[in-house]
Amino acid sequence: MPYAAEASGGGSFTPLLLIVLLFAVMYFLMIRPQQKRRREAAQMQNALGPGDRIVTIGGLHGTVVAVADDVVTLEIADGVHVDFARPAIARVVSQTAAAAEVPAEEEIAEPVVEEPIVNPVTDTRKKD
């Protein structure tokens, strides 16, 4: 009989260990990556500056005109300015500061050879 008491007492620890293991797996697979995405979005939103092309969470494309504390002013058409909350900016399409830092590549001058436009349908017909 003493063996039966020990077996039932040791078995109660296993479900608790499984629950702790489940929470650990959930943390590493769901919570931690979400925190990383949130941190990257906050860094992107804090790096906004005038001239940046952005897309909002609603899909509106625009150019940043001004950035205040929690408000970003966008130009969506010539002379049309709208204010958005900083968290409403989904992604930056192009940044003006990043474009200025990239050195321009030298263009290689290739000779331009004009070739006649040949349409195979009209040029291969027999004329009677």
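All values derive from a computational prediction rather than experimental measurement. (Residues numbered from 1 in each chain as written. Predicted model: local features only at pLDDT ≥ 70, side-chain atom pairs only at ≥ 80, totals over all residues. Heavy atoms only, no water.)

Undergrad: Teacher, can you tell me more about the packing of aromatic side chains here?
TA: Aromatic ring pairs are defined here through the distance separating the ring centres and the angle between the ring planes. Counted under the stated rule, the structure contains 1 aromatic pair. A ring pair is formed by Y27 and F28, whose centres lie 5.2 Å apart and whose planes are at 80 degrees; its orientation type is edge-to-face. (Phe/Tyr/Trp six-rings, centres within 6.5 Å; stacked < 30°, edge-to-face > 60°.)

Undergrad: Just to check I follow, could you spell out the pairing of strand β3 (residues 71–77) for this structure?
TA: For a regular strand, the rule is simple: side chains alternate between the two faces of the sheet. Where strand β2 (residues 61–67) meets β3, 4 bridges bridge the pair, whose relative direction is antiparallel. Residue pairing for β3: A66 is matched across the bridge by T73. Where β3 lies against strand β4 (residues 80–85), 6 bridges are found, and the strand directions are antiparallel. Residue pairing in the sheet places A77 in a bridge with V80 of β4. (Pairing = 2+ DSSP bridges. Helix = DSSP H or I, 4+ residues; strand = E, 2+ residues; numbered from the N terminus.)

Undergrad: Please explain the nonpolar core as it appears in this structure.
TA: Taken as a class, soluble globular proteins show a tendency for nonpolar side chains to be buried jointly. Judged by nonpolar contacts, M44, L48, I54, V64, V72, L74 and I89 together constitute the single largest core of 7 residues. Those residues within four positions of L48 in sequence are excluded, and the remaining contacts are I54, V67, V72, I89 and V92. (Core = buried A, V, L, I, M, F, W, Y, C linked by side-chain atoms within 4.5 Å. Buried < 20%, exposed > 50% of the residue type's maximum accessible area, 1.4 Å probe, protein only. Contact = heavy atoms within 4.5 Å.)

Undergrad: Help me out: how do you make sense of the sheet that holds strand β5 (residues 89–94) in this one?
TA: Spatial ordering of the open sheet is given by β4-β3-β2-β1-β5, a layout of 5 strands whose pairing is antiparallel. Edge strands, defined here as strands with exactly one partner in the open sheet, are β4 and β5. On average, adjacent strands in this sheet sit at an angle of 45 degrees to one another, irrespective of strand direction. Pairing of strand β1 (residues 53–56) with β5, which is carried by 4 bridges, proceeds in the antiparallel orientation. If you follow I54 over to β5, its bridge partner there is V92. (Axes fitted to C-alpha atoms, helices over the stretch in contact; angles between N-to-C directions.)

Undergrad: Help me understand the side chain of Q45, please; the structure alone is not making it clear to me.
TA: Checked against the element boundaries, Q45 lands in helix α2 (residues 13–46). A distance of 3.2 Å separates the side chain of Q45 from the backbone oxygen of I89, its partner in a polar contact. With sequence-adjacent residues up to four places away left out, Q45 is seen in contact with R86, P87 and I89. (Polar contact = N/O pair within 3.5 Å; in protein donor to acceptor, adjacent residues only side chain to side chain.)

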